[in-house]
Number of protein chains: 2
Amino acid sequence: MTYCVGLKLNAGLVLLSDTRTNAGLDNIAIYRKMFFFENPGERVIAIMTAGSLSVTQTTLARLHEAIDDEMADETTSILKAPTMLQVASMIGDCLARTRREISDQLRDLSQHQASASFIVAGQRAGGDMRMFLIYPEGNFIEATEDTPFLQIGEHKYGKPILDRVVTPATSLADAQKAVLLSMDSTLRSNLSVGMPLDLAIIEKDACAVSAKRRILDGDPDFARMSVEWSNALRDSFVKVSI
Amino acid sequence: MTYCVGLKLNAGLVLLSDTRTNAGLDNIAIYRKMFFFENPGERVIAIMTAGSLSVTQTTLARLHEAIDDEMADETTSILKAPTMLQVASMIGDCLARTRREISDQLRDLSQHQASASFIVAGQRAGGDMRMFLIYPEGNFIEATEDTPFLQIGEHKYGKPILDRVVTPATSLADAQKAVLLSMDSTLRSNLSVGMPLDLAIIEKDACAVSAKRRILDGDPDFARMSVEWSNALRDSFVKVSI
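Scoring rules and cut-offs
Residues numbered from 1 in each chain as written. Chains lettered and ligands numbered in written order. Predicted model: local features only at pLDDT ≥ 70, side-chain atom pairs only at ≥ 80, totals over all residues. Heavy atoms only, no water. Contact = heavy atoms within 4.5 Å. Buried area = accessible area lost by both parts, 1.4 Å probe. Salt bridge = Lys/Arg side-chain N within 4 Å of Asp/Glu carboxyl O. Polar contact = N/O pair within 3.5 Å; in protein donor to acceptor, adjacent residues only side chain to side chain. Helix = DSSP H or I, 4+ residues; strand = E, 2+ residues; numbered from the N terminus. Axes fitted to C-alpha atoms, helices over the stretch in contact; angles between N-to-C directions. Parallel < 35°, antiparallel > 145°, perpendicular 65-115°, else oblique. Nonpolar A, V, L, I, M, F, W, Y, C, P; charged D, E, K, R; others polar. Pairing = 2+ DSSP bridges.

Taking an unreviewed UniProt entry as the reference, chain A is identified by name as Peptidase belonging to Paracoccus zhejiangensis.

See the structure below:
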């Protein structure tokens, strides 16, 4: 499993992903699930991935290959596409094609279906910040004022805190706290979501990654925050009357 | 969907269920999902149900029919079975048989499978309180000291609060608060879980239902508790530092 969450706020984009990949409980590994395509000042595109590793890796590799192609143009390279909508559409097409091909290969031996979904967030100079959730079929939805966050993977445990505290006006500092607490609830409840974490901030109109941080297992700040939150929840529980 | 949760504590059993049944989002109805079989002072058995309504209703009806049968004996009536383990086993067999029959009927017209799961909790005079989660296949697991709660249906949204505050030593008052807050998180996030709620307490060694209460939509105490909890969570969020 996986948990990735992205917030689209007035002040910028805040992204958080875990790194655990598993093929059964007895075969776990660490793989990055957050990727950046950047031409600083002109555009920044972040992709977070959930699903079959063969699908997500092959899709990312194909996006890179298309960018590096000498013949790359605005219809093939996400670094040349004129709008974020077209970026999302190109990534969706690439994901859907890769997923279909791998599912066809799998059909030879098993009923297993390969699948994956992405969160794509970014901004082009002169355009708005946008954030999309791309489904395995290649279609997508977009974060809005009413629903300023998108999640992929194990989304349920970490949703109540986002529902309660995140609005488009949330500050970037509070937003980091919100996604980390959302991840903390998920880590506690689903073993297939695991440390380390990748956190990134893309400030509005920077058109570049403003900050990124890998949070390792045992990170003292994350551990302290997790304990403070547990204690605060228990205190709140005591205070509420029935 | 459904959300039912049961706690097995040193002081007694605490049970909470919602009442929403749906066949698609455009067809919702209220059906009780908590049932009691009682011979006060001698035994009490509570059943909570999740899954296809035709399976849960038919299983319950068959359990009643077996009790009312003049020839009922300790192998056919859950009010005569000598232990809670045998009660769980009889209910599991009845559930599995009913589910198989209905799935066979459905196969005529669709690929749809009927399924259901139960929480069975209770006590016989001279025996211990016990609580089981019965799977659609009829097998079951039991609540223990380490894991004193069981959930069926939409269990994810409401699990973090239980993980944090419930232990076997939790008082019955705190336990009621915990299951109601667990339900509150679930109601907010999953439309197919809905009011009214059924809450029941079975005190240790009472061998009878000690208290039951239907909490209607708009119940002022539940609404106030929900608001207090939201406010306490937001206050906690502000206090935690990153």
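Concerning the interface of chain B and chain A
Bring the parts together and some accessible area is lost; that lost area is often taken as the interface size. Opposite the 35 residues of chain B that make contact, chain A presents 35 residues. Carbon and sulfur atoms make up 61% of the area that chain B and chain A hide from each other, which totals about 3300 Å². On the chain B side of the interface with chain A, the three residues burying the most area are B:Arg164, B:Phe237 and B:Ile242, jointly 27% of the side's total. With a shortest N-O distance of 3.4 Å, A:Asp184 and B:Arg164 are connected by a salt bridge. In this structure, the connection of chain B to chain A is made through 21 residue pairs in polar contact (both at pLDDT 80 or more). Put simply, the parts of the chain that give the side of chain B that touches chain A at least two residues each are helix H3 (159-165), helix H4 (172-189) and helix H5 (220-239) of chain B.

Examining unusual backbone geometry
The step from A:Met195 to A:Pro196 runs through a cis peptide bond, and the omega angle for that step is -5 degrees. Tracing the backbone shows A:Pro196 in the loop between helix H4 (172-189) and strand E11 (197-203). A positive phi is found at A:Cys207, a non-glycine position, where the angle reads about 50 degrees. Locating A:Cys207 in the fold gives a position in the loop between E11 and strand E12 (211-215). Phi angles above zero are rare outside glycine, and B:Asp205 is one such case at about 65 degrees. With respect to the element layout, B:Asp205 can be found in the loop between strand E11 (197-203) and strand E12 (211-215).

A word on the packing of H4(A) against helix H5 (residues 220-239) of chain A
All names here are of chain A. With their axes 10 Å apart at the nearest point, H4 and H5 run at an angle of 80 degrees to one another. The angle between H4 and H5 places the two elements in the roughly perpendicular class. Contacts from Lys177, Leu180, Leu181, Asp184, Leu187 and Arg188 of H4 reach H5 at Phe222, Met225, Ser226, Trp229 and Ser230. Here the contact of H4 with H5 is built from residues that sort into 6 nonpolar, 2 polar and 3 charged.

Points about the sheet that holds strand E5 (residues 34-39) of chain B
All names here are of chain B. A sheet is described by the order of its strands in space; here 5 strands give the open sequence E5-E6-E7-E8-E9, paired in antiparallel fashion. Unpaired on one side and paired on the other, E5 and strand E9 (140-142) mark the two borders of the sheet. Within the sheet, the average angular offset between the axes of one strand and its neighbour, ignoring direction, is 20 degrees. Across 3 bridges, strand E8 (residues 130-134) lies against E9 in antiparallel orientation. Residue pairing in the sheet places Leu133 in a bridge with Ile141 of E9. Each of E5, strand E6 (43-51) and strand E7 (116-124) touches helix H1 (residues 53-68); the most contacted strand, E6, lies at about 160 degrees to it. Its contacts with the sheet place helix H2 (residues 84-107) against E6, E7, E8 and E9, and it is angled at close to 160 degrees to E7.

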